[in-house]
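# Architecture at a glance
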Amino acid sequence: MPTSSAQTSEKPKSSANGVAKRPSELLTKEQCLELFQHLYLARYFDVRLIKEKKRGRLRGTLYSSHNQEAVIVGSIYGLQPNDWISPIHRDMPMFFLKDARNGLRNPNRMGMTIEEICAQVWCKAGSPGRARDNWSHIGSQSKHIIHSTSMLAGTIPAAAGVALADKINGVNNVVLTFNGEGSTAQGVFHEAINFAAVRKLPVVTVVENNMWAYGTPVELECPTEDVADRAKGYGIPGFVANGQDVFDVYDKVMEAVEWARAGNGPSIVECKTFRAYGHGDHDDDRAAKYRDPKEVAQGRANDPIAVCRKRLIDLGYLTGDAATQYVAENKGAGEVTNEDFPPEVVEYMNEGIEFAMNSPLPEAEEGGMWVFKE
Amino acid sequence: MAVAQQVGTVKKNYLQALNEALREEMARNEDLLLLGEDIGILGGAFGVTEGLQEEFGGHRVYDMPISEAAIVGVAVGAALNGKTVMAEMQFIDFISCGFDQIVNMMATYHYRTAGEVNIPVVVRGPAGGYGGGALYHSQMNEAWFCHSPGLKVVCPSTPYDAKGLMKAALRDGNPVIFYEIKELYRLNSIAEELPEEDYTVPLGKAAIRRSGKDLTFVTYGNNVYHCLEAAEVLFKEHGIDAEVIDIRSLVPLDEETIYTSLGKTNRVVVVNEAPMTCGFAGEIVARITNNAFDLLDAPPLRVTRLDTPVPWAKPLESFVLPGVDKIVAAGLRVARF
Ligand SMILES: Cc1ncc(C[n+]2csc(CCOP(=O)(O)OP(=O)(O)O)c2C)c(N)n1
Ligand SMILES: [Mg+2]
């Protein structure tokens, strides 16, 4: 059994044959470079939207995932295509990064296209939800993405229900739910994980601990040092990952996923990270006041792109010019430029935006449709 | 079996009718799951699910933790993944603990996915007063859900309807909130023979329980019987001939049957046991005044619970709930207007 107490140990587990490798150590060079590219894709999506909003081409609130990309990328990279996810407001890139290993532009993969996501952000009819609810409140039954509401932690019960149905059908998918640390204070968080634990359902709850829930620091949301300690009450494993390190996130989530897929039940994976900006872009100015600049500087000191770059250099996967190319890290959305990103990353996003701009608004009458299944 | 079988007769009570509906649907639809507190090993607090876990197994009938939000949310997730689910609230009063999952997660799912996702979930539970259940075992909180677009809401008053509406609800494909009148569960006087063959009662179709020409009572649930009694009093003591309409389903509402009746009687009293303010009786009155004003010879009246909780002691409970006397008085008022 994986350690059930929260721990941050970097040590690989020992096994009878000596020292077992961590899941990330089994990744090929190509896979490591792909993870790096996914970090760029997530970061570029975020900074580009901020620019688009500043240019007045976009309405609605943005919930930035800047500095938290390692959590998004690392936690879903190792999933099987048919595994389920339920992303929340800070996870927008997750929609198009799900099953991206099967080809970013492959429309048949078990993830959404950048076109669909941009159409959603732009509030257009081309959105998978036809722009009926905003921002991250989309999903896909066929692509195994659970649609969230605004109600924080509100999709964990559904995740358990999805897992229950799979279990009954003898299908061995894992369901990953995502929640901020503040959302772990919700009643349904307890109800759903308690049920999943009682029934040993393969539900992995990833807690993105970015230290702040809107204007409230984590210590006013959770009484334990590690949010993952909540797992103890359910007799399930609680893992703690360094949320700035895509490989550590990958390792801890894969351990939880394998544990779940083997039939052992749910777990919690806390990824410690830091919210770079305000809660939403409407909150940037106030966040600059309610958070100590020193705390913010410290929280942003380990940019996930820089952390990943260092690892790739150490592994010898990034050498020569490639090692110092495209320095997108440690730059704010206002400072970073297109030249700081690999051109294919910019190109991918451009395709999405172009589609969104050309997609029509939904017809007015749609507002009255689909209340009931006819 | 705790579900009382009446020896020497094939009459079924309301509870048995529900049990039969669930059993038959479980057999018919192997993707149907039952979730609820104490519904498996025990067979339900009232016995509605008696024998079903034995018959269909623990992978179909789940004893859930005392977690109403999780019961509903798990039902929604299972529905998203291809299942049909009956989710029991041990008492309908406790549905408030699952409220967010019902109105925000479940009710809106079809709408917010532009029709991509259907949620065939029936949330059902014992409801209603008149039994000394006090504040938290007597409620009729159906207005909350009628006020939440995306939910169908039904409330049968007879064993035949209980079975037929339950089957229809489980086949509907939309989320349905199903109000069972627990005071009727074992009421022998309404037990009846049920058809041998499979049948459903369509959602959105009212039933005329008594024909009359002078005024119309529009009601549902336990109050159907109070209205029938009041109609007898009005007829015997005052020569007033009242029609009684049992709407059976609130959402969708069979307005046609109401207006057809008003075309004949021109007078209406709406009766329900929920609090008056913003209640469904008010909704029915509003629709009548909007859509059938020309048919009215008197202002439409409501007889409802007072705007109070339901208290425990008998005199208190009777004071706040609609009873035959209050219904007769209202009938006289509209008849003599
Ligand atoms: C049930 C509920 N209560 C309050 C809110 C308003 N709200 C939206 S996000 C948020 C903070 C969430 O913090 P956390 O869970 O830590 O996630 P983060 O935004 O930090 O990623 C709040 C209070 C909400 N959406 N849902
Ligand atoms: Mg947070």
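Treat the numbers as computed from the prediction; the structure is a model and nothing was measured.

## Details of the overall build of chain B
On a plain count of helices and strands, chain B comes out with 12 helices and 14 strands. A compact globule built from 337 residues should have a C-alpha radius of gyration of about 20 Å, and chain B, at 20 Å, falls within 12% of that. Based on the C-alpha atoms only, the size of chain B along its principal axes is roughly 60 × 50 × 40 Å. Every one of the 337 residues in chain B was classed for burial, and the buried ones make up 63%.

## Focus: the pattern of salt bridges
Counted by the stated rule, this structure contains 46 salt bridges over all chains. In this structure, Asp226(A) and Lys272(A) form a salt bridge, with 2.8 Å as the shortest nitrogen-oxygen distance. Placement of the pair is Asp226(A) in the loop between strand E7 (216–217) and strand E8 (238–242) and Lys272(A) in strand E9 (residues 267–272), with a sequence separation of 46 residues. Accessibility expressed as a relative area gives 15% for Asp226(A), which makes it buried. Among the salt bridges present, the one from Lys163(B) reaches Glu24(B), with a minimum N-O distance of 2.8 Å. Remark: Glu24(B) occurs in helix H1 (residues 14–28) and Lys163(B) occurs in helix H7 (residues 159–172); sequence separation between them is 139 residues. For Lys163(B), a relative accessible area of 1% gives the class buried.

## Considerations on the packing of helix H5 (residues 156–168) of chain A against helix H6 (residues 187–198) of chain A
Residue and element names in this part refer to chain A. Contact geometry for H5 and H6: axes closest at 8 Å, N-to-C directions at 15°. One finds that H5 runs roughly parallel with respect to H6. Along this stretch, H5 crosses H6, giving a crossing that reads as left-handed. Across from Ile 156, Pro 157, Ala 160 and Leu 164 in H5, the residues of H6 making contact are Val 188, Phe 189, Ala 192, Ile 193 and Phe 195. For the contact of H5 with H6, a count of residues per class yields nine nonpolar, no polar and no charged.

## Some remarks on the site of ligand 1
Residues and elements named next belong to chain A. With respect to spatial proximity, 15 residues lie near ligand 1, and among them His 89, Arg 90, Ser 150, Ser 183 and Trp 212 are the closest. For ligand 1, a nitrogen atom lies 2.9 Å from a polar atom in the backbone of Ser 150. Between ligand 1 and the protein, one listed contact pairs a nitrogen atom with a backbone N or O atom of Leu 152 at 3.4 Å. Of all the cavities here, the one that holds ligand 1 is the largest pocket. Grouping the amino acids of the shell around ligand 1 by side-chain chemistry returns five nonpolar, eight polar and two charged.

## Considerations on the sheet that holds strand E10 (residues 215–219) of chain B
All names here are of chain B. Here five strands make up an open sheet; going across it, the order is E9-E11-E10-E13-E14 and the pairing mixed. On the outer flanks of this sheet lie strand E9 (207–210) and strand E14 (301–305), each paired with one strand and no other. Between one strand axis and the next, the sheet turns through 25° on average, direction left out of account. Bridging between strand E13 (residues 268–275) and E14 involves four bridges; their strand directions are parallel. Bridge pairing in E14 links Pro 275 to Arg 305. In this fold helix H12 (residues 324–335) packs onto E10, E13 and E14, with an angle of close to 170° to the strand it touches most, E14.

## A few points about the interface of chain A and chain B
Each partner contributes residues to the interface: chain A has 39 residues there, and chain B has 41 residues. Of the roughly 3,300 Å² buried where chain A meets chain B, counting both sides, 61% is carbon and sulfur surface. When residues of chain A are sorted by the area they lose upon contact with chain B, Gln141(A), Phe372(A) and Lys373(A) head the list and together hold 20% of the total. The tally of links from chain A across to chain B stands at zero salt bridges. At the boundary of chain A with chain B, the tally comes to 16 residue pairs in polar contact (both at pLDDT 80 or more). Of all the secondary-structure elements, those providing two or more residues to the side of chain A that touches chain B are H5 and H6 of chain A. Considering every element that reaches the side of chain A that touches chain B, the biggest residue donor is H5(A), with nine residues. Grouping the amino acids of the side of chain A that touches chain B by side-chain chemistry returns 18 nonpolar, 14 polar and seven charged.

Conventions and cut-offs
Residues numbered from 1 in each chain as written. Chains lettered and ligands numbered in written order. Predicted model: local features only at pLDDT ≥ 70, side-chain atom pairs only at ≥ 80, totals over all residues. Heavy atoms only, no water. Helix = DSSP H or I, 4+ residues; strand = E, 2+ residues; numbered from the N terminus. Rg over C-alpha atoms; globule rule 2.2 N^0.38 Å. Buried < 20%, exposed > 50% of the residue type's maximum accessible area, 1.4 Å probe, protein only. Salt bridge = Lys/Arg side-chain N within 4 Å of Asp/Glu carboxyl O. Axes fitted to C-alpha atoms, helices over the stretch in contact; angles between N-to-C directions. Parallel < 35°, antiparallel > 145°, perpendicular 65-115°, else oblique. Left-handed = near helix turned anticlockwise from the far one by under 90°. Contact = heavy atoms within 4.5 Å. Nonpolar A, V, L, I, M, F, W, Y, C, P; charged D, E, K, R; others polar. Near = heavy atom within 4 Å. Polar contact = N/O pair within 3.5 Å; in protein donor to acceptor, adjacent residues only side chain to side chain. 1 Å grid on protein atoms, 1.4 Å probe; cavity = no way out; pocket = protein on both sides within 12 Å on 5 of 7 lines; lining within 4 Å. Sits in = over half its atoms within 2 Å of the grid points. Pairing = 2+ DSSP bridges. Buried area = accessible area lost by both parts, 1.4 Å probe.

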